[in-house]
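# Structural overview
Residue-level listing of the chains:
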Amino acid sequence: MSAQAGGAVRRGGRRALWLLLASLLVGLLLLANAHLVYVAVGSQPDCVPHAKAAGEGGGFRAARPAC
């Protein structure tokens, strides 16, 4: 094997390593986003006390309260 061929093998190995690392990173990001969507869709927050009518309590109120 010549020195030139050995360098090509090393470069090909580096490229494969970087592609593997990039693929793992993209996969991790996709899994994290899928988890966020799952949690957002599957959870329902508990009701909290809030003003029911405008001007009541001087604070914020829900536009359309669910409870």
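See the structure above.
Calculation notes
- Residues numbered from 1 in each chain as written.
- Predicted model: local features only at pLDDT ≥ 70, side-chain atom pairs only at ≥ 80, totals over all residues.
- Heavy atoms only, no water.
- Helix = DSSP H or I, 4+ residues; strand = E, 2+ residues; numbered from the N terminus.
- Buried < 20%, exposed > 50% of the residue type's maximum accessible area, 1.4 Å probe, protein only.
- Areas by Shrake-Rupley, 256 points an atom, 1.4 Å probe, with all protein chains shown as cover.
- Patch = residues over 30% accessible without salt bridge, like charges linked within 9 Å, V, L, I, M, F, W, Y side chains within 5 Å.
- Salt bridge = Lys/Arg side-chain N within 4 Å of Asp/Glu carboxyl O.

## Some remarks on the overall build of the chain
The helix and strand tally for the chain stands at 1 helix and 0 strands. By residue count, 4% of the 67 residues in the chain fall in the buried class. Taken as a whole, the chain presents about 6300 Å² of accessible surface, with 67% of it coming from carbon and sulfur.

## Section: a nonpolar patch on the surface
A contiguous nonpolar surface patch, about 560 Å² in accessible area, is contributed by Leu-17, Trp-18, Leu-20, Leu-21 and Leu-24. Inspection of the secondary structure assignment puts Leu-17 in helix α1 (residues 3–42). On the basis of relative accessibility, which here comes to 46%, the residue Leu-17 falls in the partly exposed class.

Function-wise, these values are silent; they only describe arrangement.
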